[in-house]
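Read off the chains here:
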Amino acid sequence: MTFCNPADLPGLMRQFTCILGLDVGSKTIGIAISDPFLSVASPITTIQRRKFTKDAEELARIVAKRNVGAFLIGLPLNMDGTEGPRCQSTRDFARELILRIDLPVAFFDERMSTMAVERAMIEADMTRKKRAERVDQLAAAYILQGALDSMPK
């Protein structure tokens, strides 16, 4: 499989499969999933990064269990829209992932996602501990929802 635009994902997926949204960080991967109609994103978990092989095995388990048909990965662009070292690291992760899990992959701009999620959690009066536990998976859901909303219906 190769990389594509988010709008192309539905045409590359089997019918009624879901998109797995990933917020890939250096220490964790926030994970969210779409519904099979590609309308709503929901946070599901955060995995602690280990060796890439272990991360890929965990993602493969989720793919099999959740009827996933594609990946949508947040791309950490700089505020001016350029790509820096974090983007390269994310792209490297995606290249390795598709060698192990043969599904289409799209990237989506994740600028401001963590800040927006943090702000919402603070407004919801979540404790620091709860925010730390959920921020990555909620950021993945925020990114995935943005991509779903941008897809033609």
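All of these numbers come straight from a predicted model, not from anything done at the bench.

Basis of the calculations
Residues numbered from 1 in each chain as written. Predicted model: local features only at pLDDT ≥ 70, side-chain atom pairs only at ≥ 80, totals over all residues. Heavy atoms only, no water. Buried < 20%, exposed > 50% of the residue type's maximum accessible area, 1.4 Å probe, protein only. Helix = DSSP H or I, 4+ residues; strand = E, 2+ residues; numbered from the N terminus. Pairing = 2+ DSSP bridges. 1 Å grid on protein atoms, 1.4 Å probe; cavity = no way out; pocket = protein on both sides within 12 Å on 5 of 7 lines; lining within 4 Å. Points joined across faces, edges and corners; volume = space filled by probe spheres on them. Nonpolar A, V, L, I, M, F, W, Y, C, P; charged D, E, K, R; others polar.

A.B. asks: Just checking my understanding: could you explain the pairing of strand 2 (residues 18–24) for this structure?
C.D. replies: Of all 7 residues in strand 2, 7 are buried; the element is thus mostly enclosed. What you see with strand 2 is no split at all: Cys18, Leu20, Leu22 and Val24 on one side and Ile19, Gly21 and Asp23 on the other are buried throughout. Alignment of strand 2 against strand 5 (residues 68–75), held across 5 bridges, turns out to be parallel. Pairing of Leu20 across the sheet is with Phe71, part of strand 5. Here strand 2 runs beside strand 3 (residues 28–34); their pairing, made up of 5 bridges, is antiparallel. Paired with Val24 across the bridge in strand 3 is Ile29. The turn joining strand 2 and strand 3, which pair antiparallel and follow one another in sequence, is formed by 3 residues.

A.B. asks: I tried to follow the layout of surface pockets on my own but got confused; where do I start?
C.D. replies: Gaps between atoms show up when a probe of the same size as a water molecule is rolled over them. Taken as a whole, the largest pocket encloses approximately 210 Å³ of empty space. In terms of lining, the largest pocket is formed by 14 residues, of which the most central are Asp23, Arg86, Glu110, Ser113 and Thr114. Contributing elements (two or more residues each) for the lining of the largest pocket: strand 2 and helix 4 (113–123). Across the lining of the largest pocket, the residue classes break down as 5 nonpolar, 4 polar and 5 charged. Computed from the structure, the second largest pocket encloses a volume of approximately 160 Å³. Lining of the second largest pocket is provided by Val24, Gly25, Ser26, Arg49, Phe52, Pro76, Arg86, Ser89, Thr90, Asp92 and Phe93. Residue contributions to the lining of the second largest pocket peak at 5 residues, all from helix 3 (residues 85–100). Broken down by class, the residue content of the lining of the second largest pocket amounts to 4 nonpolar, 4 polar and 3 charged.

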